[in-house]
Each structure stands twice: as structure tokens, then as C-alpha cells.
Amino acid sequence: RLIREFDTPEITPTSSSPTSKTYELKFNVDRDFYDSYSGKSFKIMMLANWRRYPDSSKLVPGTATVDDITTAAEATSDIRGFGGCPGPYITGEQRIPMFGIAQYDKITLVPNMLVMLGDLHLLRAYAKIEVYDDAASDDTLTGVSLTRHNVRSAMAPQGVYHQDDYVKHSYNDDYAATLTVPDASETSDALAMVRDSVSGHFIVYVPEYRNIGTDGTERADRCYLQVTYKDGNTFDVPFRYGAGAPSGTTPGSPYNLLRNYWYKFICKRNVSEMTWSVDVMPYGEVLLEPDFGIKP
């Protein structure tokens, strides 16, 4: 349950890589928090890049829950008017919404001292899809589109209350394994992917999508990729595991599009057919290392 909000935290970038960024987060806590929680356990939840946030005046400390926050009206967004997504570009103005929660146990707070808590991992609300030619392909891709997608996005996954719910330190298990898709989200409008001017790859960022029905089979209204070549031929590429499927999965079985995953399709075409391989990988972690500064 909600303890309180921390206002005006100080956030400083500390490192960056192609798949992850690390920040240091600092904020002060007051005497009331020190008296109530020094030496005890508590959680920190972070909401980032939401643009609109749940109304603080309606979140009563001691009463409001994680679910109250992640199911609030502000926790769902129509992405067509939300920073340019779905689309190929993420910029300072087109940031991906993120969510994270972590528990810190028996933290001893010291007045007027910085106290290191540890890592806070954030989940991106979108999946990234990237499609490009194999170096050995006999033809060149000229266009890629996604046949179906969701136009509404849940900024936070449902049922995640602890870092252990999504941080597994395992390729097959990271991150949230279940979908959180708002009602009335699907559209059958094709979404054209745009070729990146630097890499030449076709890229798009999209919300989660359900390709597997409640009975465990592939849905009729699944999404898939359509790839077009210079000679005008078009091929369908489903979201199914290929020969290089991760351990614990079956080649040919379908999968849902999940938040915070990066789906890379490498397409190879010879005279008569087109084949592809797919690499399904977590984006990489986004870490925050919160410090506490105590003001008596």
C-alpha cells in the first residue's frame, strides 16, 4: 500500500549501452519516514514517461494499492497520439513509458547520510521489432508491414508487485511473462515499418499483442509480418519460434508480442523461396540506484 510519493528526485545518467542505460536516483526522505521505516522493509515503485499520471489527490496513503495505480485511467494510453508511437523512432520527445518496482529489506537509514539501496529495474511498455536482409540474400527488402497491432497500451504490467515477478536473470524468463492488453485495443489496419536511415533496417515499436488464445492455440486474429522484395513478391512471416528456438520452446509454436522484448528477423531469399531466423531477446535492463538522503 502507498506510503508516500517522493517529489523532485535527482536523476543522473551514469552509463549507457546499445541495450540499456543506468541512472542514479537520489531523493530525500523526512523524519516521519525515518521514524517509521528505518531498519524495516519497504518498496519503491517508479513510473516513467507516462505523460499523464494517476491523480495524487485520489491516492490515499495506507489505502491505495499498486493495482489502484496501475489500473487507473491514466495507466492506459492511446498510442496514436502518444509521442509518435507506434513508429520507428524513439527520441527525447517520444519516450517509451516504463514501470518498475523493487523491495528493499531492513534498510538502516542514517540522518544526513546517503544510503545506497540497490538496483531498480524498469520494464518498457513496448516491444521493438526489427527486420533486415541476411548478408547472403539474393534479393533486397523494399518494405515491411505489421498486419495487426494494438493502438492502446497499458503503461504497467498487471500482477507485478515485486522485482522477482519480472527480474529472473534468465534469457527465457525475463521479463513479465504475461500480457497486459487494454480492452478494445486491436486494429486490423496494417502498420508500415520504416527503414532506419543509418542501419537500413525496418524498425517499429508497438504495444503487446496477443497471438495465442486462452486455449493455447494460435489466434485467427494474430499479427504477422509481410515482407516485400524488389521484384514485388510478398511473403508472410509469422511470430513463431524457428529452428533456433530458445530452450523450453518448440520450433513452429507461436508466441505473443511482449513488452520489453526485441524481436529481430533476419530474412534470406534465394530464387525460389524466402527463409528467416528470429532472435527474441530482452532489451536489456534499465537500472536505477536509489539513494536516501535523510533530513532530520
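Our subject is the structure listed above.
Per chain, the residues get numbers from 1 upward, laid out in the order the sequence is written. Only residues with pLDDT of at least 70 get local features here, since the model is predicted, and only at 80 or more are side-chain atom pairs given and counted; chain-wide, interface and lining totals rely on the full set of residues. Heavy atoms from the whole structure form the basis of all side-chain values; hydrogens and water molecules are not counted.

Q: Please explain the overall build of the protein as it appears in this structure.
A: Segments assigned H or I by DSSP are reported as helices when at least four residues long, segments assigned E as strands when at least two residues long, and all are numbered from the N terminus. A tally of regular secondary structure across the protein gives two helices and 20 strands. Any two residues whose heavy atoms approach within 4.5 Å are treated as being in contact. Excluding contacts between residues fewer than 6 apart, the proportion of contacts in the protein whose partners are at least 24 apart in sequence is 73%. We get accessible surface area from the Shrake-Rupley algorithm with a probe of 1.4 Å; when it comes to residues, only the shown protein chains can shield them. For the protein, the exposed surface amounts to about 14500 Å²; the carbon and sulfur share of it is 48%.

Q: What should I look at first to understand the packing of aromatic side chains in this one?
A: Given two aromatic rings, their pairing is described by the distance between the two centres and the angle made by the two planes. For Phe, Tyr and Trp, rings pair up if their centres lie within 6.5 Å, where Trp contributes its six-membered ring, and each pair is then called stacked (planes under 30 degrees apart), edge-to-face (over 60) or tilted (otherwise). Counted under the stated rule, the structure contains 14 aromatic pairs. Seen from their ring centres, F239 and Y263 are 6.5 Å apart, and the 80 degrees between their planes marks the pair as edge-to-face. One end of the pair, F239, is in the loop between β17 (234–238) and β18 (261–269); the other, Y263, is in strand β18, and 24 residues separate them in sequence. Relative accessibility decides the category of a residue: with a 1.4 Å probe and only protein chains considered, values under 20% of the type maximum give buried, values over 50% give exposed, and everything between is partly exposed. Since its relative accessible area comes to 2%, F239 is described here as buried. Assessed through its relative accessible area of 1%, Y263 is described here as buried. Ring-pair connections join several aromatic residues into one group, and the members of that group are F6, F27, F33, Y37, F42 and Y104. Criterion for a charge above a ring: Lys NZ or Arg CZ within 6 Å of the ring centre, and within 35 degrees of the ring normal. The residue whose ring lies beneath K264 is W262, and the NZ or CZ to ring-centre distance is 4.3 Å. Above the face of the Y229 ring, R269 is positioned so that its terminal group lies 5.1 Å from the ring centre.

Honestly, it's all geometry; don't read function into it.
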